[in-house]
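Coordinates in review
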Amino acid sequence: MSLSIAIVVGLLMGTVFGFALEKSRVFEPGIIVGQMQLRNFIMLKVFLTAVATGAVVLAALNGFGIVKLQPKAALYAADIVGGLILGVGIALAGACPGTTLAQIGAGYRDALFALAGGLVGAVGFSYAQPWFNTTLLASGDGKLIFTDLIGIPYWIGALGLAAVLVVVLALLERWRPWRDELGRDVDGDLGAVT
């Protein structure tokens, strides 16, 4: 794929992502904080939908030999520590890296500070990474693909995962319909917890 085609594809995918992000209201701070407090599940539903869709697309692309899997090594300690730090930051800021620019576009001025903090953190990590590579955080079990662990082709495992996620999504939606979780102002803030 040429560079110009890759740029066009990236811009189109970014446009689709931004449209879906805005329509799902997942960029709203109330939705994000509500998810972190386990009182609003719109964000989880959108992310699980994205994982299921991605699994189906990747299963097709890999199954037809269009793409080859290039897994990264599993670094459990780094994933746990990094996930906890990211989760605390998301809960405190009401923003995550994927939603910050959408919040800025919608006029949330606080998102400018989240963006600045993310950029400073990324630069700081790039300088600290050589040191992190010498610690326990850099140790792992090598490259793992869940289908290799159970001995089935990737595309079968990915389609199975997508099917399980669809069932989970249906149960979540039955339990907590998304329209009920938007709140009075359609921002995910359901008001004071009673």
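In case you missed it, the structure is sitting above this.
What you see is a predicted model; the values in this text were computed from it and never measured.

Attention now moves to the nonpolar core. Counting residues in hydrophobic clusters, the biggest one holds 11 residues: Leu48, Ala52, Ala55, Ala59, Ile145, Tyr154, Ala158, Ala162, Leu165, Leu169 and Leu172. Elements with a minimum of two residues in this core: helix 3 (42-63) and helix 8 (154-175). No other element matches the six residues that helix 8 contributes to this core. Excluding residues that lie within four positions of it along the chain, Ala55 makes contacts with Ala158 and Ala162.

Moving on, we come to the side chain of Gln35. Checked against the element boundaries, Gln35 lands in helix 2 (residues 29-36). Its relative accessible area of 11% is what places Gln35 among the buried residues. A distance of 3.1 Å separates the side chain of Gln35 from the backbone nitrogen of Leu44, its partner in a polar contact. If we skip the residues at most four places from it in the chain, Gln35 touches Asn40, Phe41, Ile42, Met43 and Leu44.

In this section: unusual backbone geometry. Note: most peptide bonds trans; most residues except glycine with negative phi. Notably, Arg25 is not glycine yet its phi reads approximately 65°, a positive angle. Positive phi outside glycine occurs at Leu38, with the angle close to 60°. Here Leu38 is to be found in the loop between helix 2 and helix 3.

By the definition in use, this model includes three aromatic pairs. Aromatic pair Phe125 and Phe132: ring centres 5.7 Å apart, planes at 25°, arrangement stacked. A relative accessible area of 43% places Phe125 in the partly exposed class. What links up through ring pairs into an aromatic cluster is the set Phe125, Trp131 and Phe132.

This part takes up the packing of helix 2 against helix 3. Relative orientation and spacing of two packed helices are given, respectively, by the angle between their axes and the distance between those axes. For the pair helix 2 and helix 3, interaxial distance at closest approach is 8 Å and the crossing angle is 90°. The angle between the axes of helix 2 and helix 3 places the two elements in the roughly perpendicular class. Where helix 2 abuts helix 3, its residues Ile31, Ile32 and Gln35 lie against Ile42, Met43 and Leu44. Of the residues in the contact of helix 2 with helix 3, the class split is five nonpolar, one polar and no charged.

Once that is clear, we can look at the environment of Leu161. Turning to its location among the elements, Leu161 is positioned in helix 8. Residue classification places Leu161 among the partly exposed residues on the basis of a relative accessible area of 33%. As for Leu161 and Ala55, which are separated by 106 residues in sequence, their C-alpha atoms are 7.4 Å apart.

This part covers the pattern of salt bridges. Enumeration according to the criterion identifies four salt bridges in this entry. For Glu22, the salt bridge is made with Arg25, and the minimal N-O distance between the two is 2.6 Å. With a relative accessible area of 33%, Glu22 lands in the partly exposed category. Its salt-bridge partner being Glu173, residue Lys45 comes within 2.9 Å of it at the nearest N-O pair. Linking Lys45 in helix 3 with Glu173 in helix 8, this pair joins segments that are 128 residues apart in sequence. Judged by relative accessible area, Lys45 falls into the buried class, the value being 9%.

About the thresholds
- Residues numbered from 1 in each chain as written.
- Predicted model: local features only at pLDDT ≥ 70, side-chain atom pairs only at ≥ 80, totals over all residues.
- Heavy atoms only, no water.
- Core = buried A, V, L, I, M, F, W, Y, C linked by side-chain atoms within 4.5 Å.
- Buried < 20%, exposed > 50% of the residue type's maximum accessible area, 1.4 Å probe, protein only.
- Helix = DSSP H or I, 4+ residues; strand = E, 2+ residues; numbered from the N terminus.
- Contact = heavy atoms within 4.5 Å.
- Polar contact = N/O pair within 3.5 Å; in protein donor to acceptor, adjacent residues only side chain to side chain.
- Phe/Tyr/Trp six-rings, centres within 6.5 Å; stacked < 30°, edge-to-face > 60°.
- Axes fitted to C-alpha atoms, helices over the stretch in contact; angles between N-to-C directions.
- Parallel < 35°, antiparallel > 145°, perpendicular 65-115°, else oblique.
- Nonpolar A, V, L, I, M, F, W, Y, C, P; charged D, E, K, R; others polar.
- Salt bridge = Lys/Arg side-chain N within 4 Å of Asp/Glu carboxyl O.

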